[in-house]
Amino acid sequence: MSLLIIGTVAFDAIETPFGKTDKIVGGSATYVGYSAAKLGVNPKLVAVVGDDFPTETINDLKNAGFDLEGLQVKKEEKTFFWSGKYHNDMNSRDTLITELNVLESFNPVIPDSYQDCTYLMLGNLAPALQTQVINSLKNRPKLIAMDTMDFWMDIAMDDLKEAISKVDVLTINDEEARQLSGEYSLLTAAEKIQSMGPRYLIIKKGEHGALLFHGKEMFYAPALPLAFVKDPTGAGDTFAGGFMGYLASTDDVSFENMKRAVVYGSALASFTVEEFGTDNIKAVTQKDLEARMDAFKALMSFKH
Ligand code: AMP
């Protein structure tokens, strides 16, 4: 089944307790797409970059199986730039710089060849644009998932609530769930957020895993304990790409299958955090992924 992804394709500059990078390629849609491609889908990308974006990376995206008909390259404009610094626990970070650049005037145009997509992943982006994308699809996809972050809660809460009201699945982290709902308990927060629209909610808890909520049903997947975590940037997007990639490739949106999708998302995210940037997720083989899935199975099963 086809998966349409919208989000940022960006330059990132990252500082963690384990190192620091100059501008490297990142962006929500980049991580989502690389991750989904590992599950056999060819992500249809809608995004914008400036003409400072490397042709080499555009070729990498093509080689990974991305459909780039919806990628706009703006002449004499600069690519979106984000810079962040992680705290010592690596579960929280401060945004140092957000330069919207090309995003300021981004008009996400959906090519005709994308119109029949069955799964839609709205990666982290201005919520008004996320809504615009939903509204510009002629047929509603079978499942719409959306990611967001505190940045948009701070500056565009009304737009964000409108976008949230239109999606099936929302993925956010624990602090964002608290900010969005005004509730400390994640259980109460989940109930409140589901009443805003999404039938499914995924709360990501960094190195403590992820929770999936649907009405009274709940599922928890831990994160795989890893010897080396260098840079958590993109973990949430990689998770979302794995989650939606698995659902699109199996074309099964039952709660049982969503549980497996959560574990695939977590397994793929475990590769992203081991290195800076997209290099690790790009290099994952089927064998690597299945080995991590086995590790999750061993970690999560017990007799009672
Ligand atoms: P994650 O670590 O999964 O939350 O995603 C990090 C990615 O999100 C980075 O590669 C950034 O380029 C991108 N990003 C950071 N801030 C924003 C923003 N305000 N809107 C969209 N994407 C962003």
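Just above sits the structure.
Residues numbered from 1 in each chain as written. Predicted model: local features only at pLDDT ≥ 70, side-chain atom pairs only at ≥ 80, totals over all residues. Heavy atoms only, no water.

Along its length, the protein carries 11 helices and 14 strands. The C-alpha radius of gyration computed for the protein amounts to 18 Å, which stays within 12% of the reference 19 Å derived for 304 residues, consistent with globular compactness. For the protein, the spread of C-alpha atoms along the three principal axes comes to 60 × 40 × 35 Å. Out of the 304 residues in the protein, the part that is buried amounts to 56%. Of the contacts formed within the protein by residues at least 6 apart in sequence, a portion of 66% connects residues at least 24 apart. Accessible surface for the protein amounts to roughly 13,300 Å². Of this, 50% is attributable to carbon and sulfur atoms. In the protein, 29 positive and 42 negative side-chain charges are present, and the distance between their average locations comes to 4 Å. (Helix = DSSP H or I, 4+ residues; strand = E, 2+ residues; numbered from the N terminus. Rg over C-alpha atoms; globule rule 2.2 N^0.38 Å. Buried < 20%, exposed > 50% of the residue type's maximum accessible area, 1.4 Å probe, protein only. Contact = heavy atoms within 4.5 Å. Areas by Shrake-Rupley, 256 points an atom, 1.4 Å probe, with all protein chains shown as cover. Lys, Arg positive; Asp, Glu negative; His and termini not counted. Charge placed at Lys NZ, Arg CZ, Asp CG, Glu CD.)

Moving on to the pairing of strand 6 (residues 67-74). Pairing of strand 5 (residues 44-50) with strand 6 involves six bridges; the strand directions are parallel. For Val48, the partnering residue across the bridge sits in strand 6 and is Gln72. Where the polypeptide runs from strand 5 across helix 2 (residues 55-63) and back to strand 6, its parallel neighbour, the crossover connection is right-handed. (Pairing = 2+ DSSP bridges. Right-handed = clockwise from strand over helix to strand, strands pointing away.)

Surrounding the ligand, one finds 19 residues, the nearest of these being Asp12, Gly27, Arg93, Gly234 and Asp237. Gly27 places a polar main-chain atom, nitrogen or oxygen, 2.7 Å from an oxygen atom of the ligand. Trp152 is positioned with one of its side-chain polar atoms (N or O) 3.4 Å from a nitrogen atom of the ligand. Taken together, the elements giving at least two residues each to the shell around the ligand come down to strand 2 (10-16), helix 4 (150-155) and helix 8 (235-250). The biggest single contributor to the shell around the ligand is helix 8, with three residues. (Near = heavy atom within 4 Å. Polar contact = N/O pair within 3.5 Å; in protein donor to acceptor, adjacent residues only side chain to side chain.)

Our next topic: the side chain of Thr171. With respect to the helices and strands, the residue Thr171 is situated in strand 11 (residues 169-173). On the basis of relative accessibility, which here comes to 2%, the residue Thr171 falls in the buried class. Separated by 3.0 Å, the side chains of Thr171 and Asp147 make a polar contact. When neighbours within four sequence positions are excluded, Thr171 is seen to be in contact with Met146, Asp147, Thr148, Ile202 and Lys204.

Pairing within the open sheet is mixed, and its nine strands lie in the order 6-5-1-9-10-11-12-13-14. The sheet terminates laterally at strand 6 and strand 14 (217-221), the two strands that pair on one side only. Averaged over all pairs of adjacent strands, the angle between their axes in this sheet comes to 15 degrees, without regard to strand direction. On the sheet, helix 7 (residues 186-194) packs against strand 11, strand 12 (200-204), strand 13 (210-214) and strand 14 and is oriented at approximately 45 degrees with respect to strand 13. (Axes fitted to C-alpha atoms, helices over the stretch in contact; angles between N-to-C directions.)

Moving on: the pattern of salt bridges. Evaluation of the coordinates by the stated rule reveals 13 salt bridges. The partner of Glu183 in a salt bridge is Lys192, with the nearest N and O atoms 3.1 Å apart. With a closest N to O distance of 3.0 Å, Lys259 and Glu256 form a salt bridge. With Lys259 and Glu256 both in helix 9 (residues 255-272), this residue pair falls three residues apart, about one helical turn. Since its relative accessible area comes to 22%, Lys259 is described here as partly exposed. If you follow the salt bridges from partner to partner, you end up with Asp60, Asp279 and Lys282 in one network. (Salt bridge = Lys/Arg side-chain N within 4 Å of Asp/Glu carboxyl O.)

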